[in-house]
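Letter by letter, the chains look like this.
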Amino acid sequence: MNNKMSYLLNTVRWVHRWRSLRPPQPSSTARKHSFWIGRHRDPLENVNFRKLFLNVFPSLHGSSLRCLSQKPDVFSTGAKMQPEKSTEALVSEQPPQTSMELEKFDDSGNVKVKHVTGHSELFFNSLQKCTCPCDVLDLASESAVSTKHFTNCLTTVWRLYRNLSDDQQRYEKQLIFEHPAFPRLCQQLLQNSRRLARNDLVFSLHAVVNLGVPQNTLLVQTLLRVCQERLNQLDNRCLSVLATTLSVMDKDKNVSALQAGLQLLVEQRIPTVRDIFILQNLMKCVGKYAPVFLKKKLEMAVLKEIDHLTFPNALRVFLALVAMNYCSNPILNACSKKIQENVQDASFRQLILILEACYTLQYRNIKLFSALAEYVNSTACLWDKRQIMHFLSAFETLAFQPRELMGSFAEKVTEDPEFLNLKNLLVVLRVYSRLNYVPRGQKHLFFATLDSCLNKYLPQITRAELLKAVYSLCILGYLPHRALDELLQKDSKGELILSDDLNREQKEMMLHCVKTCMELDSPSFTKAAFVPTESFSSLVSFTLTKAQKALIELLGGEDMFRQNVQLPYKYHIDFEIRMDSDRKKVLPVTATDVHADSSVQRLAFLFVPASAFCVGTTQPQGKLAMKMRHLSKLGYHVILIPNKKFQEMTNENAVEFLKGKIYSEDDAFCSSEDNN
């Protein structure tokens, strides 16, 4: 009797299960064929996500999701490690497509697996022939009968969707969410979430998140919870996909708990990972708040596999280090070498991301910057002017001066200035002024072109934009008269103080520079007699103290030079030395103060940080070049001394170094045009 009752219960269970898997009657799905959707319209604005995802499984309406409960079995270290798979496209590939498996209860109540090959092979063959997401959904509504079918349909929808253009994605996303088969896919995924294979679980979560299913829906939160419970069962390949998915999700309790558990698991499994692609995904997952020792472990794991680095991996590792906020020079140097060798294979977006990553990580590689600039310059005919301008802006943030590229772009500006709208004009002015570049041979034409463009936008330009534009041109030594008149008129009315995007100190500094340039760079400027004043400060840097001792030893006393000198126009120099006209003899500063002698030469020593130069060179940046130009107008020969280089010298070498600078005529000031 008990056996008969057991058979009856098993039969009822099997029939109930088969009905839940049976497909609906085939029906034709009308698709709209349109090729455009409004750029600013949200394609999902008419989709009721609550109805679609929260109410798709009535039996779960009243259920509430719990966060990870830190159970020992979830974070236990005794879980068996699964052998990993090395692949170059883990996130984008589909889960393994096997034959359809139907579960059937035997007489003892155990599950038997029966492989049905005919219908399954036909289904997967049809799935591979689909060319757009809605084709997959049509197939799912007609033929999908197993959980494996549903999960493969969902991941195929994502794979096809991600290959579309931005405009196509906007339109196709609306069709996906309005398709009647999509709620059914989500319902099956929700119903069978705890019975999914680990590959299907993580790939399905990755697909629904990237397709735009809201994170706070029951579907996404349930998948996150199941991933928490089965975390130790995931192999390295699944961990990589899961890490990629979590990196694009907002922080909530389930995501944070899963990331914490994943971080613990990553720490244990790092020695077993031999795939750089997986490693870079794990680096993204641990993020910038991971402990330093974990970042170092990942760094060592990548370095072990650095010989197998490919060009796509080099790009990904760059971005992974940014996500981890960790500057590893050995890894970055290896990646830079690989990028230089394959720079022709990089897209515009990839090149920009590399430069942005270098800025974020404070990584300065002159060979890499030069290779990228040379490639862009050699293929300039293939790039749009705005793309080249974007490159120049990225180089400007790195303080790197690509001279050939800036020269060729200046020619394009003078030949066709019409593409310079106000925004582009401000970018060009900022880049060329900060990097202190004036094209040789066409200086006046270049300035006249920029001035003409600026005058065209004077009626519509804001106060802050006008100040920035005039300031940039003045830095380069050019006075835009119409713009200056407009600026001074606004300044006299107090309108400049009202601009919101610049703080008061910044506006006052820029205005002071503009007014100083109006006086010193004017052709009518004549040098007035003035007596430099020496100011004493209790705060003296180590570098200046070392230089003071070296000058005393070299010149024989403190009366042979003046330190911390204040000049008109708020200029300041570190040391002043006066010499005869032949620069053979140093004169006491007190003797030359009594009577001004035109035969006396004055030397101004400026100790400047490395940040004042264009990276990798001794080319001064804009503000320093302006100061040098103005000191020359005031009668000084300017000598620049890099702080870092001087600090690294011994006392004896410092004396010899200053001696060479004082008695050499090669250190006289050169204009910015000559430097270029």
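Preceding this section is the structure that the text describes.
Quantities reported herein were computed from a predicted structural model and do not represent experimental measurements.

Details of the pairing of strand 4 (residues 562-566)
Next up, step 1: The buried fraction of strand 4 amounts to four of the five residues, a majority that puts the element mostly inside the structure.
Next up, step 2: Counting the residues in the hairpin turn of strand 4 and strand 5 (residues 572-579) gives five residues, including Tyr 569, whose phi is positive at 65 degrees.

Some words on the packing of helix 5 (residues 133-143) against helix 7 (residues 166-178)
Next up, step 1: Across the interface, helix 5 lies against helix 7 with an axial gap of 9 Å and an inter-helix angle of 15 degrees. On the basis of the axis angle, helix 5 is roughly parallel to helix 7. Between helix 5 and helix 7 lies a crossing whose hand is left-handed. Contacts between helix 5 and helix 7 involve Pro 133, Cys 134 and Leu 137 from the former and Glu 172, Leu 175 and Ile 176 from the latter.
Next up, step 2: Here the residues of the contact of helix 5 with helix 7 sort into five nonpolar, no polar and one charged.

Description of the nonpolar core
Considering soluble globular proteins, one finds that nonpolar side chains tend to be buried as a cluster.
Next up, step 1: Core analysis: the largest hydrophobic core is formed by 174 residues, its most contacted members being Val 208, Leu 242 and Tyr 432.
Next up, step 2: Sequence-distant contacts of Val 208, defined by excluding residues within four places in its chain, comprise Leu 154, Leu 189, Val 213, Leu 219, Val 220 and Leu 223.
Next up, step 3: Judged by nonpolar contacts, the second largest core, of 23 residues, contains Leu 603, Met 649, Val 655 and Leu 658.

A word on the state of the cysteines
Next up, step 1: Here the structure, examined in full by the defined rule, presents zero disulfides.
Next up, step 2: Its sulfur unpaired, Cys 358 is 9.0 Å from the next cysteine sulfur, which belongs to Cys 327.

Observations regarding the pattern of salt bridges
Next up, step 1: This model, assessed by the stated rule, comprises 14 salt bridges.
Next up, step 2: Between Lys 338 and Glu 341 there is a salt bridge, and its shortest N-O distance comes to 3.9 Å. Taken as a pair, Lys 338 and Glu 341 lie in helix 16 (residues 329-341) at a separation of three residues, close to a single helical turn.
Next up, step 3: Relative accessible area serves as the criterion here: at 23%, Lys 338 is assigned to the partly exposed category.
Next up, step 4: On the accessibility criterion, Glu 341 (44% relative accessible area) is partly exposed.
Next up, step 5: Note that Asp 521 is salt-bridged to Lys 633, the shortest N-O span being 3.8 Å. Here Asp 521, found in the loop between helix 25 (504-520) and strand 3 (533-534), pairs with Lys 633, found in helix 28 (residues 622-633); they are 112 residues apart in sequence, far enough to count as distant.
Next up, step 6: Relative accessible area serves as the criterion here: at 13%, Asp 521 is assigned to the buried category.
Next up, step 7: Owing to a relative accessible area of 33%, Lys 633 belongs among the partly exposed residues under this scheme.
Next up, step 8: One network of salt bridges, with partners in common, ties together Arg 194, Arg 225 and Glu 229.

Rules of the game
Residues numbered from 1 in each chain as written. Predicted model: local features only at pLDDT ≥ 70, side-chain atom pairs only at ≥ 80, totals over all residues. Heavy atoms only, no water. Buried < 20%, exposed > 50% of the residue type's maximum accessible area, 1.4 Å probe, protein only. Helix = DSSP H or I, 4+ residues; strand = E, 2+ residues; numbered from the N terminus. Pairing = 2+ DSSP bridges. Axes fitted to C-alpha atoms, helices over the stretch in contact; angles between N-to-C directions. Parallel < 35°, antiparallel > 145°, perpendicular 65-115°, else oblique. Left-handed = near helix turned anticlockwise from the far one by under 90°. Contact = heavy atoms within 4.5 Å. Nonpolar A, V, L, I, M, F, W, Y, C, P; charged D, E, K, R; others polar. Core = buried A, V, L, I, M, F, W, Y, C linked by side-chain atoms within 4.5 Å. Disulfide = S-S within 2.5 Å. Salt bridge = Lys/Arg side-chain N within 4 Å of Asp/Glu carboxyl O.

What is shown is where atoms sit, not what they do.
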